[in-house]
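One-letter residues, chain by chain:
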Amino acid sequence: MNPTELPIQEIRHRLETELRTHRRFVLQAPTGSGKSTQVPQMIHDAWLAARNRVVVLQPRRIAARMLARRVAQERGVQLGGEVGYQVRFEGAFGRDTKILYVTEGLLLRQMLGDPLLSGVGALIFDEFHERHLYGDISLAQAMLLQRDHRPDLLIGVMSATLETEALTRFLTPCAVLQSAGRTFPVDISYSANAVEVNDKPVWEQAGHHVNRLAKELPDGDFLVFMPGAYEIQRTLTEIRKQPLCRDMVVMPLHGELTPQQQDAAMERYPKRKVVVATNVAETSLTIDGVRIVIDSGLARIPAFDPNRGINTLLVQKISQASADQRAGRAGRTAPGKCLRLWGEREHRQRPAQELPEVRRLDLTEIVLTLLASGISDFENYPWFEAPDAKSLQRGLMLLGDLGALVPGVRKLSALGERLADFPMHPRYSRMFLAASEQGCLPTVALIAALSQGRNLLLPLSDKRKEEKRDEMLGANEAAEVSDFIMQVNAFNLLATNRFNPDFCREWGIHGVTALTAGDLYEQFMRLATAQRLNVTNEVHAWDSVGKALITGFSDQLAVRLDRGSFRCALIHGRKGELRKQTVVRNAPLVVAAEIEERDMRGDVTTLLGDITAVDESWLRELFPADFSETTRTYYDESQRRVQAVRERKFRDLILESKEGGEPNLDEAARLLTEEVIAGRLTLKQWDSSVDRLIERINFCANYCTDYGFHPFGEEEKRLMIAHLCYGAVSYKAIKEIEVLPALWDFLPASARALVDKFAPEVITLPEGSRIRLRYEQGKAIASATVQQLYDAPAQLKLAQNRAPVTFEILAPNRRPVQITSDLAAFWTNSYPEVKKQLRGRYPKHEWR
Ligand code: ADP
Ligand code: MG
């Protein structure tokens, strides 16, 4: 379509006016309306003229490259001159490039080198609705930069399906622009039954339906969505087999193709065209002429895999929102049709939208990048949407384990700075640095690639054959060494057989997994080369590989707890169990590259997989500072005794422990005190006299703090017991210990003599009778019969006349009649009635 006719032209004028007053804008317009190609040009032409660069951020490499090519073509300039692009491993741009398409992650790295982004006049975030982690962070960084140093910087956010409200709030004050675009209705249908989905590979279904729909609808091109390059290849083969497709142009579109192949997919042909694409064609790229969409409903989506403690790219079902975007691609030029290769019921159960990456991915790499940019206050960082505090914490903890942090601070160590140079997860860069030193990087890179996917080896129904395969893959050498050995051998064997599908089927090797791992391996090797690492396999001993592995997974080191089971203790106080399939069955110390927390009938079991045996000498060589030997003091319940144990540790993981040695006496006193307080040990001499004295002290403290009394509460009790226990290591030593003297000692000397005076145990009434006092909750209580009290004064006070005695007035049978501290009131108000009732029953007693 001619650029001047694109729907986005309707906002050109408003954009120009708004940008005179605003430094930020939000633009929402449907896919295909011209946002990505036209808006950067408008801004450049109208506003920035020739001075500054407009940088357009793209989530995908392929989109960055293709948009740049398209815009260069539209402007009639050479790619790499006025218009250019830059992605991870390549680019075409120069000093004079004025419109530059870059990937989100790349910009963030550039900001590390040039925090002010000098020469950049505008940053445009395209496809922001995809909410990639790097998009979120780059936007936050751009906002900070604009606020603190570059008030002139223009920030624009564009998307097809923006939830503009939250974004507008985040960017306020900002211009909000919308363009309705043009769309035609799309008729959506679902594949008939679920059985078909399970029975046939998705590419076979797609092939069948292309043929069927080609007959049904005579016009329009096809767009088929598949999750990745492999599935696309299979689909192409299927489609080419179909009778009605012989005459059609059938083409792939994905990131791994040559630029020529990618361009070819975008072109119009006299014949009908079928493009089989990944989700680049969902919103990033618009293929003109499409009227029929066939959607597998699948995509390779980055997700955090808690099993591997790392982000992975696995095939997953797309959300309803993504499916709607895909369907919309059929209605750009005329009414269209979309077939979903899944059931309608299943569709309703799919999530409405994908969670943004910031909420679902591992943040370690981002935390590393932020720290490298000098940002450590994540709590006050201007997140568009803040991540879970736990995810940040997990990231920091892992960085600490990898040695990337200065201990105890949120600051990168020298190693951390080095890891930040790598555009990859620090687990891997850490491993690659070690592997480079050890001379085994290719093997380690292959293991890293393999560890991201599913298991390469599948069970075979013919067990004899499975045994033969395992033998062929070096099961014998692998035993007690590493679960990775057979996987590495399987990959290499498959590579020599050119990933032949028949070979895979025969020997139960997962072909797609191997191919994906192969691509990833290539990427890792390119990155390692770019970082000037030693990329040759010089050493073939497994030791060096094992050493490299533990540098990346030192947080998943495990010690076997016993010989009889597969139970292990892990770093950070975790417990786990080796998977039964492991070939490392006897090693006392291992590293697990995969950890799965499985909830089994309410019990959380941690299963450890991808095991490699570890020699303690490797740890000593690599992490000499992380070893410690300490004596731990603990309470042995069965012996009622405090014991000491010598422990040799790697970080918090106990490698070896030996009973014996001297318990720490402070610790022993603390442990015994805990037992006494909890009531599991009783001090025989802690009798009622002790409790009574405590009540009396508390009574004095209630009224006479000025005489040096303090309440004796839980804390005081703990201190006193700890004092009594000091020096003891067994219950025997404290069982008969005297408590009362210690309690007296606990009082300040000045107060000791006053206890009897302020809180006497007995009072003598005027007619001579002696009454015992008891003290409860800060009160003094005297129990006395009516007769004993006839001559008592109206009120009796203790503690320097500050505390009235409470009387529990008893009948002759010693049942309480009333509780009061005001006897005068008793005699006038209650006594007449009491007397009436009791005198008949107790005629022999005196009743005045
Ligand atoms: P948006 O970003 O709004 O989805 P784009 O700016 O990417 O839209 O594309 C606008 C139009 O330009 C598309 O509808 C398509 O017709 C055309 N177009 C864009 N890129 C290419 C290309 N590489 N080859 C051919 N046509 C293209
Ligand atoms: Mg676009």
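First, a word on what this report is: a plain description of the structure on this page. (Residues numbered from 1 in each chain as written. Chains lettered and ligands numbered in written order. Predicted model: local features only at pLDDT ≥ 70, side-chain atom pairs only at ≥ 80, totals over all residues. Heavy atoms only, no water.)

### Here we look at the pairing of strand S23 (residues 641–650)
Consecutive side chains along a regular strand alternate between the two faces of the sheet.
Item 1. Among the 10 residues in S23, seven count as buried, and that is most of the element.
Item 2. Where strand S22 (residues 627–636) and S23 come together, 10 bridges link them in antiparallel fashion. Residue pairing for S23: aspartate 636 is matched across the bridge by arginine 641.
Item 3. Joining the antiparallel neighbours S22 and S23 is a turn of four residues, in which arginine 640 adopts a positive phi near 45°.
Item 4. Where S23 and strand S24 (residues 653–659) come together, six bridges link them in antiparallel fashion. Among the inter-strand pairings, valine 645 is bridged to a residue of S24, identified as glutamate 659.
Item 5. Between S23 and S24, which pair antiparallel one after the other, the connecting turn spans two residues, and arginine 651 there sits at a positive phi close to 50°. (Buried < 20%, exposed > 50% of the residue type's maximum accessible area, 1.4 Å probe, protein only. Helix = DSSP H or I, 4+ residues; strand = E, 2+ residues; numbered from the N terminus. Pairing = 2+ DSSP bridges.)

### So, the site of ligand 1
Item 1. The full set close to ligand 1 counts 15 residues, and Gly32, Ser36, Thr37, Asp288 and Arg332 are the nearest of them.
Item 2. Serine 36 places a polar side-chain atom, nitrogen or oxygen, 2.6 Å from an oxygen atom of ligand 1.
Item 3. Within the side chain of aspartate 288, one N or O atom sits 2.7 Å away from an oxygen atom of ligand 1.
Item 4. With the chains in place, 94% of the 560 Å² that ligand 1 exposes on its own is no longer accessible.
Item 5. Listing elements by their share of the shell around ligand 1, those giving two or more residues are helix H2 (35–48) and helix H3 (61–75).
Item 6. Top element by residues in the shell around ligand 1 is H2. It accounts for three residues.
Item 7. Per-class residue counts for the shell around ligand 1 are four nonpolar, seven polar and four charged. (Near = heavy atom within 4 Å. Polar contact = N/O pair within 3.5 Å; in protein donor to acceptor, adjacent residues only side chain to side chain. Areas by Shrake-Rupley, 256 points an atom, 1.4 Å probe, with all protein chains shown as cover. Nonpolar A, V, L, I, M, F, W, Y, C, P; charged D, E, K, R; others polar.)

### Quick word on helix H6 (residues 164–171)
Item 1. Where H6 is concerned, the buried positions are Thr164, Leu167, Thr168 and Leu171. Down the axis of H6, the buried side of the element spans an arc of 100°, and every buried residue falls inside it. Every exposed residue of H6 that faces more than 90 degrees away from the buried side is listed here: Glu165 and Arg169.
Item 2. On its buried face, H6 is in contact with strand S1 (24–28), helix H5 (133–148), strand S7 (154–159) and strand S8 (175–178). (Arc of directions from axis to C-beta. Contact = heavy atoms within 4.5 Å.)

### Some thoughts on the packing of aromatic side chains
Item 1. Inspection of the entire model under this criterion finds 19 aromatic pairs.
Item 2. Ring centres 5.4 Å apart and planes at 70° place the aromatic pair tyrosine 428 and phenylalanine 524 in the edge-to-face group. With tyrosine 428 in helix H17 (residues 426–438) and phenylalanine 524 in helix H23 (residues 511–530), the pair connects residues that are 96 residues apart, well separated along the chain.
Item 3. Since its relative accessible area comes to 5%, phenylalanine 524 is described here as buried.
Item 4. Between phenylalanine 712 and phenylalanine 746 the ring centres are 5.3 Å apart and the planes differ by 85°, which places this aromatic pair in the edge-to-face class. Taken together, the residues phenylalanine 712 in the loop between helix H27 (688–703) and helix H28 (714–725) and phenylalanine 746 in helix H30 (residues 740–746) connect sequence positions 34 residues apart.
Item 5. A residue is classified by how much of its surface remains accessible, and phenylalanine 746, at 36% relative accessible area, is partly exposed.
Item 6. Linked through ring pairs, Tyr790, Phe826, Trp827 and Tyr831 together constitute an aromatic cluster.
Item 7. The ring of phenylalanine 627 carries arginine 620 above its face, with NZ or CZ at 4.0 Å from the centroid.
Item 8. The ring of phenylalanine 623 carries arginine 651 above its face, with NZ or CZ at 5.1 Å from the centroid. (Phe/Tyr/Trp six-rings, centres within 6.5 Å; stacked < 30°, edge-to-face > 60°. Lys NZ or Arg CZ within 6 Å of the ring centre and 35° of its normal.)

### Here we look at the side chain of serine 783
Item 1. Looking at the element boundaries, serine 783 is found in strand S27 (residues 779–785).
Item 2. Among the polar contacts made by the side chain of serine 783, one reaches the side chain of arginine 774 at a distance of 2.9 Å.
Item 3. Among the polar contacts listed, one links the side chain of serine 783 to the side chain of glutamate 808, at a separation of 2.6 Å.
Item 4. When residues no more than four places from it in sequence are discounted, the contact partners of serine 783 are Ile771, Arg772, Arg774, Glu808 and Leu810.

### Thoughts on the environment of lysine 732
Item 1. Counting through the fold element by element, lysine 732 comes out in helix H29 (residues 731–735).
Item 2. In this structure lysine 732 comes out as exposed when scored by relative accessible area, which is 75%.
Item 3. For the pair formed by lysine 732 and histidine 208, sequence separation is 524 residues and the distance between their alpha carbons is 85 Å.

### Some thoughts on the sheet that holds strand S2 (residues 53–58)
Item 1. Strands sit in the order S4-S3-S5-S2-S6-S7-S1-S8 across an open sheet of eight strands; the sheet is mixed. The open sheet has two edge strands with one neighbour each: strand S4 (91–92) and S8.
Item 2. Bridge analysis of strand S6 (residues 120–125) against S7 gives four bridges, and the strand direction is parallel. The partner of leucine 123 across the bridge, within S7, is isoleucine 155.
Item 3. Strands S1, S7 and S8 of the sheet are contacted by helix H1 (residues 12–21), whose axis makes an angle of about 175° with S8.
Item 4. In the packing of helix H4 (residues 104–113) onto the sheet, contacts are made with S2, strand S3 (83–86), strand S5 (99–103) and S6, and the angle to S5 comes to roughly 100°. (Axes fitted to C-alpha atoms, helices over the stretch in contact; angles between N-to-C directions.)

### Examining the nonpolar core
Item 1. Of all hydrophobic cores here, the largest spans 87 residues; its most connected members are Phe378, Phe432, Phe524, Leu557 and Leu619.
Item 2. Residues within four places of phenylalanine 378 in sequence aside, it is in contact with Val367, Leu370, Leu371, Trp383, Leu392, Leu396 and Arg410.
Item 3. Counting residues in each nonpolar core, the second largest holds 64 residues, with Phe699, Phe712, Val729 and Leu747 among its members. (Core = buried A, V, L, I, M, F, W, Y, C linked by side-chain atoms within 4.5 Å.)

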